[in-house]
Amino acid sequence: MANGSVRVRFCPSPTGNPHVGLVRTALFNWAFARHTGGTFVFRIEDTDAARDSEESYEQLLDSLRWLGFTWDEGPEVGGPHAPYRQSQRMETYTEIARKLQDAGHAYSCYCTASELEERRDAARAAGRPSGYDGKCREVTPEQKAQYEAEGREPIVRFRMPDETITFTDLVRGELTFTPENVPDYGIVRANGAPLYTLVNPVDDALMEITHVLRGEDLLSSTPRQIALYKALIDLGVAKEIPSFGHLPYVMGEGNKKLSKRDPQSSLNLYRERGFLPEGLLNYLSLLGWSLSADKDIFTIEEMVAAFDVADVNPNPARFDLKKAEAINADHIRMLSVTDFTERCAPWLKAPFAPWAPEDFDEAKWQAVAPHAQTRLKVLSEITDNVDFLFLPEPVEDEASWSKAMKEGSDALLRTAKEKLESAEWTSAESLKEAVLAAGEAHGLKLGKAQAPVRVAVTGRTVGLPLFESLEILGKEKTLARIDAALAKLAA
Ligand code: GLU
Ligand code: ZN
């Protein structure tokens, strides 16, 4: 597959925060377009005025930009099939619905909700298929007049051909749907509003989409869309039925489908926690695909070079936050130090940073950054790791304090202070020797000896390499903090 004619689309509805499943769909479409030298179309499916919002629309654009996706056609960039917001294309849909009806591919259905329900229940009770029964396929002019006199307002229903539909899913292979399982379906509401069932394939046809890659949850709409496509070809609106590939479900905790409402699925959460876009994309690419059995960590360029829909695994993929963080940690380590320090910038300021802006010290930050870079899983962890440098006093963490401060810690701290006072403050190594010597004086190994020092100086039992931290903080502050800890122990 290497020609310039591939056209894929990403067509979310702007209803709430983008979720990771949606991002995975965008990623696979985008990677496929880039791999094949094709076109990535971004379309907004905002035909549901009750659920769509301008805020969600802005968020979608912002999210795609943050992730680094560029679209070849779509909002703001335009293109030959503009506009790319369905809310601005209503006349097109109305006209096509009318043409479908004129050609007999669709018809007015006058059934009321309660009539439909009654017949559905009866069909179920009789063990027959319970979908729409085709009652309004043939409505006589007299019946029509009667319905209208009753004030009934029809919906437009698409007439499914009475034939089996078979297609080869790019991920799942050959799939077959029999007519009793795919009944006639609504395409325009009684109030004239076109439905997703119509507008989605109509736009795919008009925008000349060649490959539809989307979540498995949409698989049941595919036979209907194929039938509609055939009708559109008949009308001269569509040229060719696209290929379909349905991406596997993403499972969350307890092996349940990850839902939009699941907090774990919110893209914003990952942004706020300081995932790198490249780390998150690397992880999401593994939900149904892999570069090779022994390589989990790769760049987006490597993914693009290797990506083929045919390699997508149809089995459900499991979302694993721990693995996502581990992969992100690797991407953090892959950054240049300069890039790393720049990306941390938002977390070194309000509202994330607990220190006063004037207490931030750029030189200390530059000195400590390389030590932090090797330890973070997500960028937001940077604040806790470096706050000891910029807060006037270390944070008070009672759990750390009681864990590190044992019987005899005061004596150890006094010796450590003496040794540090006379140490050469020119390298972390000499500070380590000082603490090592203090420990020896009290029969303690380095690990045990450095714990109270660490808590006295940084407030925490875990953190960046201790001796580098002391060196960067400086002699005066280090000794003052040991004094303060001694005073606290004495109290
Ligand atoms: N707007 C639809 C959705 O967000 C798109 C479905 C499709 O990709 O066909 O579910
Ligand atoms: Zn009907």
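Preceding this section is the structure that the text describes.
The shown structure was predicted, so the numbers you read here are calculated from the model rather than taken from an experiment.

**Q** So what about unusual backbone geometry? Which residues, and what values?
**A** A cis amide bond links A82 to the next residue, P83, at an omega of 0°. Position of P83 relative to the elements: it lies in the loop between α2 (54-67) and α3 (90-102). With an omega of 0°, the peptide bond between A350 and P351 qualifies as cis. With respect to the helices and strands, P351 occurs in the loop between α12 (337-344) and α13 (362-373).

**Q** Provide a residue-level description of the pairing of strand β8 (residues 211-215), including the pertinent values.
**A** Counted residue by residue, β8 has five buried out of five residues, so it is predominantly covered. Relative to strand β9 (residues 243-247), β8 is paired through five bridges, and the arrangement is parallel. Its bridge partner being in β9, V212 is matched across the sheet by F244. Tracing the backbone out of β8, into helix α7 (residues 222-235) and back to the parallel element β9 gives a crossover that is right-handed.

**Q** Lay out the site of ligand 1 with the relevant residues and their values.
**A** Around ligand 1, the surrounding shell consists of R9, C11, P12, S13, E45, Y196, N200, R214 and L218. With respect to ligand 1, the side chain of S13 contributes an N or O atom lying 3.1 Å from a nitrogen atom. In this structure, a nitrogen atom belonging to ligand 1 sits 2.7 Å away from a side-chain N or O atom of E45. The fraction of the free accessible surface of ligand 1 (300 Å²) that becomes covered by protein chains is 81%. Considering only residue class, the shell around ligand 1 consists of four nonpolar, two polar and three charged.

**Q** Explain the coordination of the zinc ion (ligand 2) to me, and be specific about the residues and the numbers.
**A** Within the protein, C109 (SG), C111 (SG), Y132 (OH) and C136 (SG) serve as the donor atoms for the zinc ion (ligand 2), at 2.1 to 2.3 Å. Angles of 100 to 122° at the metal separate the four donor atoms of the zinc ion (ligand 2), which places the site in the tetrahedral class. When the donors of the zinc ion (ligand 2) are listed by position in the chain, the intervening gaps give C-x1-C-x20-Y-x3-C. Note that C111 is positioned in the loop between β3 (106-109) and α4 (113-125) and Y132 in the loop between α4 and α5 (141-149), a separation of 21 residues in sequence. An identical accessibility class is assigned to C111 and Y132; each is buried.

About the cut-offs
Residues numbered from 1 in each chain as written. Chains lettered and ligands numbered in written order. Predicted model: local features only at pLDDT ≥ 70, side-chain atom pairs only at ≥ 80, totals over all residues. Heavy atoms only, no water. Helix = DSSP H or I, 4+ residues; strand = E, 2+ residues; numbered from the N terminus. Buried < 20%, exposed > 50% of the residue type's maximum accessible area, 1.4 Å probe, protein only. Pairing = 2+ DSSP bridges. Right-handed = clockwise from strand over helix to strand, strands pointing away. Near = heavy atom within 4 Å. Polar contact = N/O pair within 3.5 Å; in protein donor to acceptor, adjacent residues only side chain to side chain. Areas by Shrake-Rupley, 256 points an atom, 1.4 Å probe, with all protein chains shown as cover. Nonpolar A, V, L, I, M, F, W, Y, C, P; charged D, E, K, R; others polar. Donors = N, O, S within 2.8 Å, 3.2 Å for Na, K, Ca; no water. Tetrahedral: all angles 85-135°; square planar, octahedral: opposite > 155°, others 65-115°.

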